[in-house]
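Structural characterization, general
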Amino acid sequence: MQTFNFRLDAEALPKGAPLITFNYEDSEFIRFAKAVKKAIDGGEFNNLTDYAPVWKYFRCNNRKGLFLFGGCGCGKTFLAKYVYGQLLFNRGIAPTVIDAIDMADHIKELEDKGRHYYILDDVGTEAPRQEYGNTIDPFVDLVYRAEERGLLLIITTNYNTEQFIERYGQRVYSRIKQLCECVNLGKVPDYRLTGKKS
């Protein structure tokens, strides 16, 4: 009979995503978001109470990423790429920002062990890639890597929960729920259709 001795190396285990906190009040996040919006396109940032869960996440990420889902034009990309991205940059952190449609082209960046912060915009638009005759979904691949390595993922998608599960499966959704704070912006109106800048 063969026996195996396992040694659990606590240092080798992933610790989860890095803890990031900002000692700001909601009003300070809102002021910052308004300034970023003005700098980008001269627009206004409205529907501010709809984003209360986002400000809460920005205040302290609790070692988790952020999963923003909702319809078109509700401010997901703006909040993830421009507001949180700038907050991280101001803290000396340079996140890797990838538009999902180009994710397969950036797979080498996703494999870089020195990177820990990823902003993935518009998940659901990415195409699978072929590798040694196998079809690989780069988003699913990154989710598994994030879980293994304790990466911080900021994700946006137009899918609702059901559509997301239909595309990626319950297993991936379960991992996203473990890795990220999930914020549904589905009730925020599309500023492109209403004529108001979100």
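Residues numbered from 1 in each chain as written. Predicted model: local features only at pLDDT ≥ 70, side-chain atom pairs only at ≥ 80, totals over all residues. Heavy atoms only, no water.

Turning to the pattern of salt bridges, a few remarks are in order. Counting across every chain of the model gives 5 salt bridges. A salt bridge links Arg145 to Asp141; its shortest N-O distance comes to 2.9 Å. Remark: Asp141 and Arg145 occur in helix 5 (residues 138-149); sequence separation between them is 4 residues, near one turn of the helix. Residues Arg145 and Asp141 agree in their burial class; the two are buried. (Salt bridge = Lys/Arg side-chain N within 4 Å of Asp/Glu carboxyl O. Helix = DSSP H or I, 4+ residues; strand = E, 2+ residues; numbered from the N terminus. Buried < 20%, exposed > 50% of the residue type's maximum accessible area, 1.4 Å probe, protein only.)

Structural remark: α-helix, 3.6 residues per turn; residues separated by three or four positions point the same way. With 15 residues, helix 3 (residues 76-90) extends 20 Å from end C-alpha to end C-alpha; this agrees with the ideal 21 Å at 1.5 Å per step. The largest bend in helix 3 comes to about 25°, at Tyr84. For helix 3, the complete set of buried residues consists of Lys76, Phe78, Leu79, Ala80, Lys81, Val83, Tyr84, Gly85, Leu87 and Leu88. Buried positions along helix 3 lie against helix 1 (26-41), helix 2 (52-59), strand 1 (65-69), strand 2 (96-99), strand 3 (117-123) and strand 6 (152-157). Downstream of helix 3 by one or two residues, Gly92 has phi in the positive range, about 90°. (Expected span 1.5 Å × (residues − 1). Bend = angle between axes of the 7 residues up to and from the residue. Contact = heavy atoms within 4.5 Å.)

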